[in-house]
Amino acid sequence: MSVPVPLAPPRRLVEVTVDGRPVRVPEGSTILDACRALAIDTPTLCYAPNLTPVNACRVCVVEITGARTLVPACSRPVEAGMEIATDTERVRHSRRLVMELLGSSVDLSLAGEDWERWTRAYGADPERFGARMDPLPAGERDRRRAGHHHEPEDPTVAESVAQPVTIDNELYVRDYARCVLCYRCVEACGEDAQHTFAIAVAGRGFDARISTEFAVPLDESACVYCGNCIGVCPTGALMAKREHDLRREGSWDESRQRITTTICPYCGVGCELEVHVQDDEIVKVTSPADHDITRGHLCIKGRFGFAYVGRRDERSASRRDRADPAP
Amino acid sequence: MELHLSDAAASPEERAALDELLGPAVPPALPDARVRFLEGRVARGGHELASRRTLLLPALHALQSRVGWISEGGLNEVCARLDVPPAEAYGVASFYALFRLEPSPPTVVHVCDDLACRLRGARELVEALEAEAPEDADAGGWTWVRSPCLGMCDQAPAFLAQRAGRPDVSLGGASLAAIRAAVAPEATVTCAGAVSAPQAWDPAARSGLRLLRRVGRVDPTSLDDYRAHGGYEALRRAIELGPAGVIREVTDAKLLGRGGAAFPTGVKWRAVAEQPVRPHYVIANADESEPGTFKDRLLMELDPFALVESLTIAGFATGAERGFIYIRGEYPLATERLELAIEQARRRGFLGPDVMGENFAFDIELRRGAGAYVCGEETALFESIEGKRGEPRNKPPFPVTHGLFGRPTVINNVETLVNVPLVLELGGPGYAAIGTEGSTGPRLFCLSGHVERPGVYEVEHGARLGDLLDLAGGVAGGRRLQAVLLGGAAGGFVRPDELDLPLSFEGARAAGATLGSGVVLVIDETADLGDLCLRIARFFRDESCGQCVPCRVGTVRQEEALLRLVRGRTLGTRADEHARLDELARVMRDASICGLGQAAAQAIGSAVAKFDAFDRTGGSA
């Protein structure tokens, strides 16, 4: 009985070569799609499958025959006959330098295993640009004006985005010392998911940063605490407060966590949840980026409204109390 | 989307400034039951409101110029009127160097300490100012900050005074006294507008001028005088030829873009004219911000109608009914002259629904930038007009198919456009006979620095660099030439033994140089090349939009490495530092999104390669 329903017209296939190997991918695919079709390990950072590519980090660049500069694999659509090279000296150089430039200015210790593997594979050594600068006082970067930086006092330390963690609400923290300015949170908050537009990129150049208007605390902004910015952050700059607290006390341990897939109990939309449980306690809720309904995005209830689960015993106790006011 | 605005309200003054630009605020509809039911469920205004986003930059300008800064209340009012989320509006406002987002003294003086001004005493001026009051501190109703090139290099050193409630002034011959005079509350200074075109003032040299033929002779405030000097004959000729005929002439003329990229103008125009998608747009890129460049300013201040007519021809040829002139925010006099020219042309039927009674519509909107070099990059310029941060787009798609508002767009530099009337006057082949095979037509160069007679000079493509220096009287004071910076901060340094270099696209390319935007910055033996390179590094670090990693972080690391070399505090050996600089240059050139990052190491690299600049100034590590 089940007949597949075509959701889109069939797409023509386009043939390109990647590192000399021919591959056919649907028209409109990106170079990254073609690389992945050939299982070529391509580093990415700002790219996310559920967001519009902004090609800002440039770690996925490849060389195209006939092009003056390298091009970003994540956003550039393939064209018939394109000759793509992913492993030339030029490509490796740019990828390594991007990793080093980021590593020298941003804390990437929570950027994940893939990132660690890539930086090893490309031999990236961020330290050679000098030790990362000490954190600036809170708010200092928010006050910087476009086009007016001051000459660094000590050029042997690498200027960085290091700064204290911003904690201005109960649900999540913003640790901008880890921010690579991938634009993912801005996209998730805005046109790609939530349409809330509580945050945007402010400032310019190295002083560009993610900010609310006039850097007001989140609870004075348009933020609705959907947490979709956290869901897409690749470096742990945005993090649920619970996870942040557990990490700070040293008890966050992903090896002890179980992930259970379920459906959100709140409304009829049917969002799929991945409930992360550590020591019989829910510590985090996510949704898979490839899920039809959520595309990885949730609302405040689905993402944060799980505290009641752990209180089941208290609640049934209180119900019993109500049913039987004695003794 | 529902706007979430804080309680901060605009002052009556701020509201008046916005009323002037946007018209009076429309009071909210009466809260009847139906409206209450819809509250928060529908977006009112639809496309019409969405189209107001493009007024964001003009609205921010209105606030800044009326009250001297952009307050939370003022920004809220802008957001409410234009339906822009406050975080995004803040992101846009904080992108531009001419906007201030904290209470500010009513007058802000931007003191140019960029390349040309540096060679003419800007550093000493900045030191003298420091002694008076620290940078960015309130000096009693005014403050000062250092600034990138203001495009006043012929009158260096220069400064720009932003004055709340009064017109901005941009002045050359900067000194403590001149600055004090401009910031005084009762000051009556206005822009002098004495941009130099020594050839145009010289009766003997004047007759050979083509692009500058009207400069100094025509009254830039009078349409009648412009017409008396041959104005609007080219548009008449264009109408006779028809759109396809105009494009044919421009193609035959082999006119190449003068903004730096040297793209064939005819190819660009044809590509847009052939696009079935409507509307089409034409844009004059007057965001002339390359350090050392002031030729477009001269054209706009002294022959503004020529740009208006040229852009009209571009619109006619490519089927656009709307044109924009995007002029840099630091050009108050050119802005004023263009406003006046557009207004007169509109009143006299040279712009509007029926241009010259010839049954085609075309009008021009003037947009001011607000202090961002990167907005001269064509796609960043689109973003800026659209009311977004001036961040360049990834190409492809190219502007001829996806330009302003996603529509087919012709964007040309001012100088490129004002060549078009000349093309129509001489005919394509006639124009192509001027200059060289690969670089047709006349060309404007901006001579500044240690040169006897700084100013804008017109020569035919193919002239020798040495001849151009001779035209300008050679090195000032008869001192020895050390170097020429050709093409600007995104260009490269040239040695004194390279003065035979032919000033053509192919000649420059063969010498490993670029004409860029026509900058010829003359540097004598007394100057410190290392210091100039550091200023260039600072410039790119300040002007990077921050979008892509190679440029955002690379420009910071480049400045740090140069400082280490200068201060003799290298990480490893000096050779290690130079290797690192090379590596940075490669990643910026190969992997940056736009031309800014791609060129950010070019001039510095040429100073190292040709002059060994950083071993000379740095001492040993």
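All residue numbers refer to positions counted from 1 along the written sequence of the respective chain. Following the order in which they are written, the chains are lettered starting with A and the ligands numbered starting with 1. Restriction of local features to residues with pLDDT of at least 70 applies here, the model being predicted, together with a cutoff of 80 or more for giving and counting side-chain atom pairs; totals for whole chains, interfaces and linings are based on all residues. Excluded from the side-chain calculations are hydrogens and water; all other atoms, namely the structure's heavy atoms, are used.

Visitor: Could you give me a rundown of the domain arrangement of chain A, with the residues and numbers involved?
Guide: All names here are of chain A. Assigned domains of chain A: these are domain 1 (1–131), domain 2 (161–248) and domain 3 (253–327). Residue ranges assigned to each domain were obtained from an automatic or database domain assignment. Computed over C-alpha atoms, the centres of domain 2 and domain 3 are 23 Å apart. Taken together, the contacts link 19 residues of domain 2 with eleven residues of domain 3. Note: buried area is the sum, over both parts, of the accessible area (probe 1.4 Å) each one loses when the two are combined. Carbon and sulfur atoms supply 55% of the area buried between domain 2 and domain 3, which totals about 1000 Å² over both sides. Any carboxyl oxygen of Asp or Glu within 4 Å of a side-chain nitrogen of Lys or Arg constitutes a salt bridge here. There are three salt bridges connecting domain 2 and domain 3. Residues Arg 247 and Glu 254 are paired through a salt bridge, measuring 3.4 Å at the closest nitrogen-oxygen approach. N or O atoms closer than or at 3.5 Å make up a polar contact, with two conditions inside protein: a donor-capable atom paired with an acceptor-capable one, and, for residues adjacent in sequence, both atoms drawn from side chains. On inspection of domain 2 and its partner domain 3, the count reaches seven residue pairs in polar contact (both at pLDDT 80 or more). Of all elements in the fold, only α5 (228–232) and α6 (241–248) reach the threshold of two or more residues within the side of domain 2 that touches domain 3. For the side of domain 2 that touches domain 3, the per-class residue count stands at eleven nonpolar, four polar and four charged. Contacts were defined at the residue level, with two residues in contact if any of their heavy atoms lie within 4.5 Å. Strands here mean DSSP runs of E at least two residues long; helices mean DSSP runs of H or I at least four residues long; both are numbered from the N terminus. Under the convention adopted here, Pro, Cys and the residues Ala, Val, Leu, Ile, Met, Phe, Trp and Tyr are nonpolar, Asp, Glu, Lys and Arg are charged, and Gly plus all remaining residues are polar.

Visitor: Pulling in residues and values, what's your account of the packing of helix α15 (residues 295–302) of chain B against helix α19 (residues 414–426) of chain B?
Guide: Residues and elements named next belong to chain B. Between N-to-C directions, angles cover 0 to 180 degrees, with each direction set by a line fitted to C-alpha atoms, over the stretch in contact for helices. Axis separation between α15 and α19 bottoms out at 9 Å; the angle between their running directions is 50°. Taken together, the axes of α15 and α19 are oblique relative to one another. Contacts from Lys 295, Asp 296, Leu 299 and Met 300 of α15 reach α19 at Val 414, Glu 415 and Val 418. Tallied by class, the residues present in the contact of α15 with α19 amount to four nonpolar, no polar and three charged. Comment on the angle field: the value is read as roughly parallel under 35 degrees, roughly antiparallel over 145, roughly perpendicular from 65 to 115, and oblique elsewhere.

Visitor: Describe a nonpolar patch on the surface, and please don't skip the residues or the numbers.
Guide: Residues and elements named next belong to chain A. A cluster of nonpolar side chains, namely Tyr 266, Tyr 308 and Val 309, defines an oily patch on the protein surface of about 260 Å² accessible area. Positionally, Val 309 belongs in helix α8 (residues 307–310). According to the relative accessible area criterion, Val 309 is partly exposed, its value standing at 36%. Only residues whose relative accessible area exceeds 30% and that form no salt bridge are eligible for patches; like-charged ones are grouped when within 9 Å, while nonpolar side chains (Val, Leu, Ile, Met, Phe, Trp, Tyr) are grouped when within 5 Å. Here the accessible surface of atoms and residues is derived via Shrake-Rupley with a 1.4 Å probe, and residues count as covered only by protein chains that are part of the display. In this scheme, a residue with accessible area under 20% of its type's maximum is buried, one over 50% is exposed, and one in between is partly exposed, where area comes from a 1.4 Å probe on protein chains only.

Visitor: Tell me about the environment of Gln 558 of chain B, and please be specific about residues and values.
Guide: All names here are of chain B. Relative to the elements of secondary structure, Gln 558 occurs in helix α24 (residues 549–567). Taking the C-alpha atoms as reference points, Gln 558 and Ala 537, 21 residues apart in sequence, are found 6.7 Å from one another. Residues contacting Gln 558, with those up to four places away along its chain left out, are Ala 537, Leu 581, Leu 584, Met 588, Ala 600, Ala 601 and Ile 604.

Visitor: How would you sum up the sheet that holds strand β2 (residues 142–147) of chain B? Please name residues and give values.
Guide: All names here are of chain B. A strand pair is defined by DSSP finding two or more bridges across the two strands. Spatial ordering of the open sheet is given by β2-β1-β3-β4, a layout of four strands whose pairing is mixed. Each edge of the open sheet is held by one strand with a lone partner, namely β2 and β4 (169–171). Pairs of neighbouring strands in the sheet enclose a mean axial angle of 20°, with direction left out of account. Pairing of strand β1 (residues 107–112) with strand β3 (residues 159–163), which is carried by five bridges, proceeds in the antiparallel orientation. Residue Val 108 lies in a different strand from β3, and its bridge partner there is Gln 162.

Visitor: Describe the domain arrangement of chain B, with residues and values.
Guide: All names here are of chain B. Along its sequence, chain B is carved into domain 1 (12–93), domain 2 (107–183), domain 3 (223–282 + 292–322 + 334–432), domain 4 (442–523) and domain 5 (529–616). Computed from C-alpha coordinates alone, the two centres of domain 1 and domain 3 are separated by 31 Å. Opposite the nine residues of domain 1 that make contact, domain 3 presents eleven residues. Surface buried jointly by domain 1 and domain 3 totals about 830 Å² across both partners, of which 53% is contributed by carbon and sulfur atoms. Sorting the residues of domain 1 by area buried against domain 3 places Thr 54, Leu 57 and His 61 first, and these three jointly supply 59% of that buried surface. Between the two partners, domain 1 and domain 3, sit zero salt bridges. Inspection of the region where domain 1 meets domain 3 yields six residue pairs in polar contact (both at pLDDT 80 or more). Of all the elements in the fold, those that place two or more residues in the side of domain 1 that touches domain 3 are α4 (56–67) and α6 (86–93). At four residues, the largest contribution of residues to the side of domain 1 that touches domain 3 is made by α4. A breakdown of the residues in the side of domain 1 that touches domain 3 according to their chemical character gives five nonpolar, three polar and one charged.

Visitor: If you had to explain the packing of helix α13 (residues 233–252) of chain B against α19 of chain B to someone new, which residues and values would you point to?
Guide: Residues and elements named next belong to chain B. Between α13 and α19, whose axes approach to 10 Å, the crossing angle comes to 95°. Considering the angle they form, α13 stands roughly perpendicular to α19. Contacts between α13 and α19 pair Ala 234, Arg 237, Ala 238, Leu 241, Val 246, Glu 249 and Val 250 from the former with Val 420, Pro 421, Val 423 and Leu 424 from the latter. When grouped by side-chain class, the residues that make up the contact of α13 with α19 number nine nonpolar, no polar and two charged.

Visitor: I'd love a proper account of empty space enclosed by the protein, names of residues and values included.
Guide: Residues and elements named next belong to chain A. Grid points spaced at 1 Å over the protein atoms alone were grouped into cavities, where a 1.4 Å probe fits but cannot get out, and pockets, open sets with protein on both sides within 12 Å along at least five of seven lines, with lining residues defined by an atom within 4 Å of a point. Grid points are joined across faces, edges and corners, and a volume is the space filled by probe spheres set on the points. Summed over all chains, the structure comprises ten cavities of 30 Å³ or more. Of the volumes computed, that of the largest cavity is approximately 140 Å³. Together, 20 residues line the largest cavity, and Tyr 172, Cys 189, Ile 199, Cys 223 and Cys 229 are the ones closest to its centre. Those elements that provide at least two residues to the lining of the largest cavity are β8 (172–174), α4 (184–189) and α5. Looking at the lining of the largest cavity, the element that brings in the most residues is α4, giving three residues. Partitioning the lining of the largest cavity into residue classes produces 15 nonpolar, four polar and one charged.

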